[in-house]
Amino acid sequence: MAARRARRLLGSLCIALLFAQPAPTGAAARSGSRSLLTESLVRTFTPFYFLVEPLDVLSVRGASVIMNCSAQCETPPRIEWKKDGSFLNLVSDDRRQLLPDGSLLINSVVHSKHNKPDEGYYQCVATVDSLGTIVSRTAKLTVAGLPRFTSQPEPTSVYRGGSAVLGCEVTAELAPLLRWERDRQALAPDPRVLQLPGGALLLTNASDADAGLYRCALDSGGTPKYSDEAELKVLPDAEEPQRLALLKPPSSLSRLPGQSAVFPCVAAGFPPPLIRWTRNEEELPTDGSGRFQLLPGGVLEIRDVAEADAGTFTCIAESGNDTLEAQAELAVQVPPTFLKRPANIYAHESMDIVFECEVTGKPTPTVKWVKNGDVVIPSDYFKIVKEHNLQVLGLVKSDEGFYQCIAENDVGNAQAGAQLIILDLDVAIPTLPPTSLTSATNDHLAPATAGPLPSAPRDVVATLVSTRFIRLTWRPPASDPQGDNLTYSIFYTKEGINRERVENTSRPGETQVMIQNLMPETVYVFRVVAQNRHGPGESSAPLKVATQPEVQLPGPAPNIRAFSGSPTTVTVTWETPLSGNGDIQNYKLYYMEKGQHTEQDVDVAGLAHTVTGLKKFTEYSFRVVAYNKHGPGVSTHDVVVRTLSDVPSAPPQNLTLEVRNSKSILLQWQPPPAGTQSGQITGYKIRYRKVSRKSDVTESVGGTQLSQLIEGLERGTEYSFRVAAMTINGTGPATDWVSAETFESDLDETRVPEVPSSLHVRPLVTSIVVSWTPPENQDVVVRGYAIGYGIGSPHAQTIKVDYKQRYYTIENLDPSSHYVITLKAFNNVGEGIPLYESAVTRPHSDTSEVDLFVINAPYTPVPDPSPMMPPVGVQASILSHDTIRITWADNSLPKNQKITDARFYTVRWKTNIPANTKYKTANATTLSYLVTGLKPNTLYEFSVMVTKGRRSSTWSMTAHGTTFELVPTSPPKDVTVVSKEGKPRTIIVNWQPPSEANGKITGYIIYYSTDVNAEIHDWVIEPVVGNRLTHQIQELTLDTPYFFKIQARNSKGMGPMSEAVQFRTPKAESSDKMPNDQASGSAGKGSRPMDLGPDYKPPLGESVRNTPSTDTMPAASAVPSAELPEPEGPFLPAEEEPQGPPTAHVRPSHPLKSFAVPAVPPAGGPFDPALPSTPLLTQQAPGHPMHAVKTASIGTLGRTRPPMPVVVPSAPEVQETTRMLEDSESSYEPDELTKEMAHLEGLMKDLNAITTA
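Here is what the cut-offs are and how they apply
Residues numbered from 1 in each chain as written. Predicted model: local features only at pLDDT ≥ 70, side-chain atom pairs only at ≥ 80, totals over all residues. Heavy atoms only, no water. Disulfide = S-S within 2.5 Å. Helix = DSSP H or I, 4+ residues; strand = E, 2+ residues; numbered from the N terminus. Buried < 20%, exposed > 50% of the residue type's maximum accessible area, 1.4 Å probe, protein only. Core = buried A, V, L, I, M, F, W, Y, C linked by side-chain atoms within 4.5 Å. Pairing = 2+ DSSP bridges. Axes fitted to C-alpha atoms, helices over the stretch in contact; angles between N-to-C directions. Salt bridge = Lys/Arg side-chain N within 4 Å of Asp/Glu carboxyl O.

A.B. asks: Tell me about the state of the cysteines, and name the residues and values.
C.D. replies: Under the definition given, this model contains 4 disulfides. A sulfur-sulfur separation of 1.9 Å characterises the disulfide bridge that pairs Cys69 with Cys124. Its torsion about the S-S bond being -70°, the disulfide of Cys69 and Cys124 is classed as left-handed. Linking Cys69 in the loop between β3 (65-67) and β4 (70-73) with Cys124 in strand β9 (residues 120-128), this pair joins segments that are 55 residues apart in sequence.

Set out below in structure tokens:
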């Protein structure tokens, strides 16, 4: 002990002599000459670490335990022990003592039901008084409980050669102490006998010698404890097949890497079962060559478990035709390990530092920090950043010592440490890894040289004070009024706190700094120190500044939950915000149907509310905002819930009947409308009856298919049918009864149909209308008709139509051409005899409506004795962007329009874009039909025909309807960005309209930024009107990557954005570029412009413009172009008096579309082809006028722009309505100007919404 004290005294004297240098005085202190000595005064880091750390121990009562620990340091450390976080007093403890190497010895472990003084968590603490303290990992001492069995062996029997399991379960800590006996003798080692991890005994390939009395014994110190005895009987060989059974299925396990895992799968049966294993549904190789071993009895052993072994293990037992499966999960847990350990750090007082610590493990470890053995509690100056790193702000001398990162999860813990040394300010910091200091304090640490130091900075003031930041400014010191080479350190602290922080200026000569991350309504003290190449100078006088108070708004309400109590109600609950910041006055609950864009809200006084009147089986999102006297707080996140399902509230749609033969009728229908299904449709219930016996109803329940063939009906009998939809909640309303009559006799399909009885052709300019009547012999089945046609031969094209059809239009033919047409009826046997006809399409100039009706001998058309009248009054009612309801009347019905027979109607519809679109058809048995799945903003034509038995009408007059518009559902396409030739700061953006415009495009918004990951409200925005497909942006920064996105708008709103397109501007300016992008020279009064000739045309895709100049523009020409008359046709230069670039004579798409009125260029002035442009993101360059940098603000729309172009590509009208109905005249009428203004206002509203978001 005396020797140790002497060594400690000697070490202290050495340290005192090392640091006891005479302090410089007077001018020497100011000159910085002391820095030449301090390089040798840098203290070195002292190795201080654990050689051995304690490990987890399992013990039994009365045994002795050693918890190992040993630490290494130049000065031998003092070792102490903690149990459950408290220091142990080992001086007065007779059972626990400290061994010379630092280990802890516990004699005669004490453990009982109510007294467990030794069980717990132990930690070794090593201290060197002049240095600091470190702590070891935490080790757990577990004491096995009192010996007791959770299950006892039971008598069992096994067939010779079979397997048996004897149960004997104990707790996990006692399992290693368990052993088995037979007839009270220890079991000899036998490969057929295996003790499972839980304690049970597995016996395989049983023989007569295995019979006997079995018991298990627990050796936990002292007298063993025995279980009950159980007899095992061995039966003769099984002769009859025995049912397959699992005696011991596998159970889920959790293991550490390197351990072993054992999955039992013991099966019994005859024939003897075979066992195989799969992992994650893949067969496991268990041939004995790898880590997976198949032990006797089907037991799977996994040796040296790895993290990749985790998964689902399935054992499959097969015996004869029987198969059984059982599954178990293997979870592999990994103790914490360090990916990055903390590093030693040198620092000065007032600096900010960060200790880095990166860990991994499974489950994910938690991390805490310890300084000199004490847990670091996060505060304003000690913060956990980037998940696990420790940040210390504003260092003081007492922060020196050892810092340890301690990581812990369910299966272990680990520690790693580093030392912090705080040097005197006149000692330069040695070079260390760049991660030790934060960015605010790692500058200006180079060693100083001899020379004069700066005086104090002058006039330190706070020029901007906010709630959480302050901007300070000052003047350079009087000793260096220019201050170009000075850097500054700003020291600050809370008033009354002696812990200073420091912030450095970013570049020499800078005399202002922004101090951020301050606390609201708090007084801070600031001082500024200048530093030159010789070192830091005098400090300014302290400046006290109080930050502004912060408006105290509520935080988000925690634990928001929503659940549906009925098909139309949802109850939402939440709790009071943790950061209420004042009394909560009320809450506002917002909710919105999924897929909609309009939120509804309701005021709530309490912490719960039930929203009623919702749609059934519909998803809604809910959020809550708390209000106090200052206003609304932070919104909660959205919670989504679906209302409960219910029975459908509407019947299926469009039920039709088709008589197949004399004994069957096919039913077809469509589901109830989407908003009325009230849940997932699980099936359909069909009820039918004979019309003559309405009380005798037959019921049939089918799946979710939309058709059903009802068979086994009587011949020549009329039946009524109705269909209802079902959900899990029950059956919804049924359709009206619809009737059909089975045939008296089945038609013949043993031969092909006969020739159609007539063929009628009507040639038009590019089409031929073909109509026909069916074969006279209607006893043969007709499945449809085949129409062949071609120029000179009918075999060029063939079209097949339904057997009900009597009319077809052959489209896309050549005018003035001779076509041969053939018509054949067909069924499942083949095609019948053809009927031929020919027709000549009309020339383009022929607009007559002459019909050709050809009677083809020997087949004379026989008119139907009672032809069906076509439906009348067909009307199309537009319901939405994809749905139109068709209604009609049938003059062959009574006045009440009630259908009492088996007639049905066929509705057909098509759109003329593209021109070759084919008709779609559907059948209906009522006087209306709901056509769904249409395209938005598209003109459709509809017609209806009626069929009764074998007779059909011609098609009715057509009705037209245009579906409503919908927001664009695809972005603009083919976005390209190119640099303008000769103008490297100018780019041209080109694009094409969206494929799914769903309406007339009224505008585009171009977004661009130099940061593709920036928030969208931080991108610069450029509005462009809807008939433009190109735009020019000027004054970009050279050699800079830009990213561009485009969004289209129609009357319904904004569509999705295109993918970002990257473009890098060129590296250098063009050598011939002039100021303001203009060529030199100008035309004076009376000068003759250049003669371009009468055939001059501006280049396609470019414009001709003059940059207006108020200095050179003649007074006579200073007329706004909007006042000039617009020509009716395209521009043609006058031959008599040719002019220069005619910007005033060629109408741009619209004078308002540039958001500024273009001016008339000076006569004959120089011109420059360009697109409409906007100077944005300007960069000052010599000879250029100063521009303001553009930000994403709607205010930029009002800025004057250059004139509009001469020639501009126009956006094609992608919607059908515009093509079919609008005139091709491009002149703007007054009402069109009003419409364009409305589109412009809508575009500006959208931009306002974007920029204010």
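Resuming the write-up.
A.B. asks: Lay out unusual backbone geometry in plain terms, naming residues and giving numbers.
C.D. replies: Cis rather than trans, the peptide bond between Lys362 and Pro363 has omega equal to 5°. With respect to the helices, strands and loops of the structure, Pro363 is situated in the loop between β33 (358-362) and β34 (366-371). One non-glycine residue, Asn205, adopts positive backbone phi at about 50°. Tracing the backbone through its elements, the reader meets Asn205 in the loop between β16 (201-203) and β17 (212-218). Given a relative accessible area of 47%, Asn205 falls into the partly exposed group.

A.B. asks: Report on the nonpolar core, specifying residues and quantitative values.
C.D. replies: Among the nonpolar cores identified, the biggest contains 33 residues, and Ile353, Phe355, Trp369, Leu395 and Leu420 are the most heavily contacted of them. The element best represented in this core is strand β39 (residues 412-423), accounting for 7 residues. By size, the runner-up hydrophobic cluster in this structure holds 22 residues, among which are Ala71, Trp81, Cys124 and Ile134.

A.B. asks: Kindly report on the sheet that holds strand β7 (residues 96-98), identifying the contributing residues and their values.
C.D. replies: The sheet built from 3 strands is open, its strands ordered β3-β8-β7 with antiparallel pairing. The open sheet is flanked by β3 and β7, the only strands paired with a single partner. Averaged over all neighbouring strand pairs, the angle between strand axes comes to 20°, with direction disregarded. Bridge analysis of β7 against strand β8 (residues 104-106) gives 3 bridges, and the strand direction is antiparallel. What sits directly across from Arg96, in β8, is Ile106.

A.B. asks: Before we move on, could you go through the pattern of salt bridges and cite the residues and values that matter?
C.D. replies: Under the definition given, this model contains 45 salt bridges. One salt bridge in this structure joins Glu229 and Arg184, with 3.0 Å as the shortest N-O distance. Of this pair, Glu229 sits in the loop between β18 (225-226) and β19 (230-235) while Arg184 sits in the loop between β13 (178-182) and β14 (185-186); the two residues are 45 residues apart in sequence, bridging distant segments of the chain. Under the relative-accessibility criterion, Arg184 is labelled exposed at 52%. Close ionic contact of Lys690 with Glu714 constitutes a salt bridge, the shortest N to O distance being 2.6 Å. Here Glu714 lies in the loop between β60 (707-710) and β61 (718-727) and Lys690 lies in strand β58 (residues 683-690), a separation of 24 residues in the sequence. Of the residues examined, Glu714 reaches a relative accessible area of 41% and is grouped as partly exposed. One salt-bridge network, in which partners are shared between bridges, spans Asp93, Arg95, Arg96 and Asp118.

A.B. asks: Quick one: what's the story with the pairing of strand β53 (residues 619-628), residue by residue and with numbers?
C.D. replies: Of all 10 residues that make up β53, 9 are buried, and the element is covered over most of its length. Here strand β50 (residues 586-593) runs beside β53; their pairing, made up of 8 bridges, is antiparallel. Paired with Lys588 across the bridge in β53 is Val625. Two strands pair when backbone bridges link them, and β53 and strand β55 (residues 639-642) are joined in this way by 4 bridges, in the antiparallel orientation. Its bridge partner being in β55, Tyr620 is matched across the sheet by Val641. Sheet topology note: the β53/strand β54 (residues 631-632) ladder contains 2 bridges and is antiparallel. Pairing of Asn628 across the sheet is with Gly631, part of β54. Adjacent in sequence and paired antiparallel, β53 and β54 are bridged by 2 residues.

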